[in-house]
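# Chains, contacts and geometry: an overview
Here are the chains, one letter per residue:
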Number of protein chains: 2
Amino acid sequence: MQTSWQQQLRSIVGANFVLEDAAALLAYESDALTLFRCQPAAVVLPQNAEEVQAVVRVLHRFQIPFTARGAGTGLSGGVLVPKGGVILCLSRMRRILSIDAEKRRATVEPGVVNLHLSQQAEALGLRYAPDPASQTVSTLGGNLAENAGGPMCFLHGTTTHHLLAVDVVLPDGSREFWSSLPEQADDLDLRGFLCGSEGSLAIAVGLVLRLIPLPEQVITVLAAYDSVPQACSAVSAIVAAGLRPVALEVMDQKAICAVEDSVYRAGLPRDAGAVLIAEMEGPEALLQRETPRLEELLQKFQPLHFERAESAEQRRLIWKGRKGAGGALGQLAPDSYVMDGVVPRSRLAEIMAYVEEVEASTGLPVANLFHAGDGNIHPHFAYDARDPEQCRIVEEAGARILRRCLDLGGSLSGEHGIGLEKQHLLREQFTASELALMQRLRAVFNPQNLLNPGKGLPMPRGCAEAFHRHRRYAHE
Amino acid sequence: MQTSWQQQLRSIVGANFVLEDAAALLAYESDALTLFRCQPAAVVLPQNAEEVQAVVRVLHRFQIPFTARGAGTGLSGGVLVPKGGVILCLSRMRRILSIDAEKRRATVEPGVVNLHLSQQAEALGLRYAPDPASQTVSTLGGNLAENAGGPMCFLHGTTTHHLLAVDVVLPDGSREFWSSLPEQADDLDLRGFLCGSEGSLAIAVGLVLRLIPLPEQVITVLAAYDSVPQACSAVSAIVAAGLRPVALEVMDQKAICAVEDSVYRAGLPRDAGAVLIAEMEGPEALLQRETPRLEELLQKFQPLHFERAESAEQRRLIWKGRKGAGGALGQLAPDSYVMDGVVPRSRLAEIMAYVEEVEASTGLPVANLFHAGDGNIHPHFAYDARDPEQCRIVEEAGARILRRCLDLGGSLSGEHGIGLEKQHLLREQFTASELALMQRLRAVFNPQNLLNPGKGLPMPRGCAEAFHRHRRYAHE
């Protein structure tokens, strides 16, 4: 008698690590974009690369669609599987295998939490640069899949600039090592292609990451302005002056008030239309020269309030407000929809005015946080997913904002990816031949489309309809 | 009447820029690895991306094999086309389109000479890090194709770590933009895959490159030792101590004497078995702390001679010797064969002993230069290509050394690529399934194998024989 795939998976990872119970599966029916939900048939929790390979071989043999995920903090519905599919949750693979201080590299498993790597590296005078707002929870494997950014990426680049090599399992269970390291100069270097491929090419089972030195000094300043456009003007002036802050972050008044009403309270001025957080890092001599120039420019736009963090504690407080804003905004309504789009930095004021216009037309509150240096906006819609009409409204509003990003010369995603959320908009950014090339490339790795089907690329109609049924407002 | 492809090319670029005369074609029958030669049917010199596209469309329509090249300084036979093929020489596309000091980026055409970019950027306090020995001549497009390195790559990484985005023409004449830039986060990021693909996927018509700041201070020291193994021990000790020199270069006695006998004379000690050049760069405070540690380690291995460059002029002289060594060695015999292989740094002494063994068995002199920090060796064979027996001997000796690199856990190429030279060895480094994956990926871009056929991947037998006939010792 042939054993079922479920039995085979249990014999690989142990019965405790194959979840099939509806209650246990509930946690895996969506990522942090709750507009899309679909319960998998099972969740498997392998503990090492060999188990991942063995699990993938079984799923491949049974032609069962599957996807890998980490902490599920993604914001574009990238880790949902169609009905009958299986999720490989890699959160047990959380070992930092080595930190090589000499070569400034870390070798880690994909389930390591982003912040844990920097915490471990700190004693050696090093850190891992990409710092998504989710960094206390999100995993490095998930960061890779979405090419995660964060405030510091303005200076240091996104995940793709820090991934040196990657150990992967392909959808048929075979194993590859893709590298840019000089000692493996002949290996295929598909790192950049894998970064941001939303888990649709291969499953990363090991990552070699670049670490960078801790800065000699850090200076954080906060300036509060009357309005968002004023904060945007200050941003433009700073960049035009050739200053190189590590981060340039803006929060609008709704975000400020949400933070101040929450446990993330940071003493931000509630009366301000916007706060701008600018951080500089580097050798003391450089900061002594450049900080006065930065402060002068911030002052030029007549801030209502201005402070320079004089202590590590003050700095921590400012960032607590910024990094906690997402969580604080989540408390405004039962659900939130955190968007992600990009415009050229010079068009920030325009897109923010448009977001305000869209907000007025929906009647739902929209708060704004953005990585101003990169032109990467993150409008947060507060809504109630139990109301199908509100779901429809926020989804349509999101698409309108993204279309305007494209019109302004920007793009659909800065760091959240395309996922299920934006795939219907891809044809507006890319030509048919560009999309066909992406499809052919994906097919080289994932010819049967078993691994994470339907993400990142426009779906054939039948498949799209299957996923539409997963929309919460449609199937409730 | 249908116009010939030659006429069509002339009407695109102008008759002056289509070379068909045998004398003019002579310069294009090989790169700097003269073991392989084949005269193209024509050479076209387009002056911009649109002309490249138009030329490629014609060649695609007529199903004529073609390849792009820059200065032809490659060392693996990567820019030869089979009989009847066409070479696009991109040396007219040599504009530096912009240098953005604020973003530390340069946008350049592929025919820009490597060193010209650093020279232009210097006034803005910036430089381009990859520094192949050929940098006064070789072009950035060619550097991209081979993922060129250089002495400074020990600290700063190779071309793949400095390419931010690239504008390409595919083999059917279509155009793509592949980027890792945050403002194009949605674009395909195939930079790493393109880097080192030896011109077989697409033709780069524009590059966006990362620039890095000029160092606050540079300190160059030279230590001469009795033997190559002693120099290798010093290298290991420096790296083990956690020092981070920007370059760690070794030259053996034959290389030293060749330099001293040439116009590149640099005052190197002829009696030394090896010289080690170590360079540190960075903020003054860092160098004040670390240089004494470096010098102490170099002294520990009892150098015959030791000097620290106290002036820019002294530093220039040391590097003149190192960078001129390739040219100096070229004068020892009518031809030279410069090899390229990689071993783990800890196996350097072993591979060098093996090179000596091979040298003894061939009866031909072999001089050695190597990027010791990266374990990247470059044995130089001096021989006479007019003697078919010598050609056969050096080629066989090269293959023996490369096989030993693989046995020691290294790889076939550090920075020269596979080209025609090493393709018969690929099956010894990669599994059949890895090679099949590479082949499928290449076929996505280059399905008819018109663009640079036969390079970088094992060739089908018929094709391999066609290229074998191009070996100078076989067809003379």
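One can find the structure itself at the top, above this paragraph.
Now for a quick tour of the structure. These figures come from a predicted structure and were not determined experimentally.

Glancing now at the relation of the copies chain A and chain B. Relating the two copies of this chain is a rotation about some axis coupled with a shift parallel to it. The two copies are related by a screw operation: chain A maps onto chain B through 180° of rotation and 0.0 Å of translation along the axis, at an RMSD of 0.0 Å. In symmetry terms, the pair is related by a two-fold rotation axis. Across chain A, the rotation axis passes nearest the C-alpha of Gly-192 of chain A, at a separation of 3.0 Å. The share of interface residues of chain A whose copies in chain B are also at the interface is 100%, consistent with both copies meeting through the same surface.

What follows deals with the pairing of strand β19 (residues 376-383) of chain B. Residue and element names in this part refer to chain B. Counting buried positions along β19 gives eight out of eight residues, so the element sits mostly inside the fold. Residues Asn-376, His-378, His-380 and Ala-382 line one face of β19 and the alternating positions Ile-377, Pro-379, Phe-381 and Tyr-383 line the opposite face, and both faces are buried. Examined bridge by bridge, strand β16 (residues 335-338) and β19 share four bridges and lie antiparallel to one another. Note that in β19 the partner of Ser-336 across the bridge is Ala-382. Where strand β18 (residues 366-371) lies against β19, six bridges are found, and the strand directions are antiparallel. Within the sheet, the bridge partner assigned to Asn-368 lies in β19 and is Pro-379. The loop that links β18 with its antiparallel partner β19 comprises four residues; one of these, Gly-375, has a positive phi angle of about 65°.

All names here are of chain B. As for its placement among the helices and strands, Met-93 is situated in the loop between β4 (86-89) and β5 (96-100). Accessibility expressed as a relative area gives 0% for Met-93, which makes it buried. On a C-alpha basis, the gap between Met-93 and Pro-110 in space is 6.3 Å, while along the polypeptide they are 17 residues apart. If near-sequence neighbours (up to four positions away) are discounted, Met-93 is found in contact with Pro-46, Gln-47, Asn-48, Ala-49, Val-52, Glu-109, Pro-110, Gly-111, Val-112 and Val-205.

Glancing now at the packing of helix α1 (residues 5-13) of chain A against helix α3 (residues 49-61) of chain A. All names here are of chain A. Put simply, α1 and α3 touch, their axes get as near as 10 Å, and they point 170° apart. Here α1 is positioned roughly antiparallel relative to α3, judged by the angle of their axes. Facing α1, whose interface residues are Trp-5, Gln-8, Leu-9, Ile-12 and Val-13, α3 presents Glu-51, Ala-54, Val-55, Val-58, Leu-59 and Arg-61.

Glancing now at the sheet that holds strand β2 (residues 42-44) of chain B. All names here are of chain B. The strand order β1-β2-β4-β3 describes an open sheet built from four strands, whose pairing is mixed. A single partner strand is all that each edge strand has here, and the edge strands are β1 (18-19) and β3 (66-69). One ladder, built from four bridges, connects β3 with β4; its direction is parallel. Bridge assignment links Thr-67 to a residue of β4, and that residue is Ile-87.

Evaluated as defined, the whole model comprises six aromatic pairs over all chains. Summarising the aromatic geometry, the rings of Phe-193 of chain A and Phe-445 of chain A are spaced 6.1 Å apart at their centres and angled 55° between planes, so their arrangement reads as tilted. Of this pair, Phe-193 of chain A sits in helix α7 (residues 191-194) while Phe-445 of chain A sits in helix α15 (residues 432-445), and the two are 252 residues apart along the sequence. Judged by relative accessible area, which is 9%, Phe-193 of chain A ranks as buried. Through a chain of ring-to-ring contacts, the aromatic side chains of Trp-178, Phe-193 and Phe-445 of chain A assemble into a single cluster. Over the ring of Tyr-354 of chain B we find Arg-404 of chain B, and its NZ or CZ is 3.9 Å from the ring centre.

Conventions we followed
Residues numbered from 1 in each chain as written. Chains lettered and ligands numbered in written order. Predicted model: local features only at pLDDT ≥ 70, side-chain atom pairs only at ≥ 80, totals over all residues. Heavy atoms only, no water. Least-squares fit on C-alpha atoms with pLDDT ≥ 70 in both. Contact = heavy atoms within 4.5 Å. Buried < 20%, exposed > 50% of the residue type's maximum accessible area, 1.4 Å probe, protein only. Helix = DSSP H or I, 4+ residues; strand = E, 2+ residues; numbered from the N terminus. Pairing = 2+ DSSP bridges. Axes fitted to C-alpha atoms, helices over the stretch in contact; angles between N-to-C directions. Parallel < 35°, antiparallel > 145°, perpendicular 65-115°, else oblique. Phe/Tyr/Trp six-rings, centres within 6.5 Å; stacked < 30°, edge-to-face > 60°. Lys NZ or Arg CZ within 6 Å of the ring centre and 35° of its normal.

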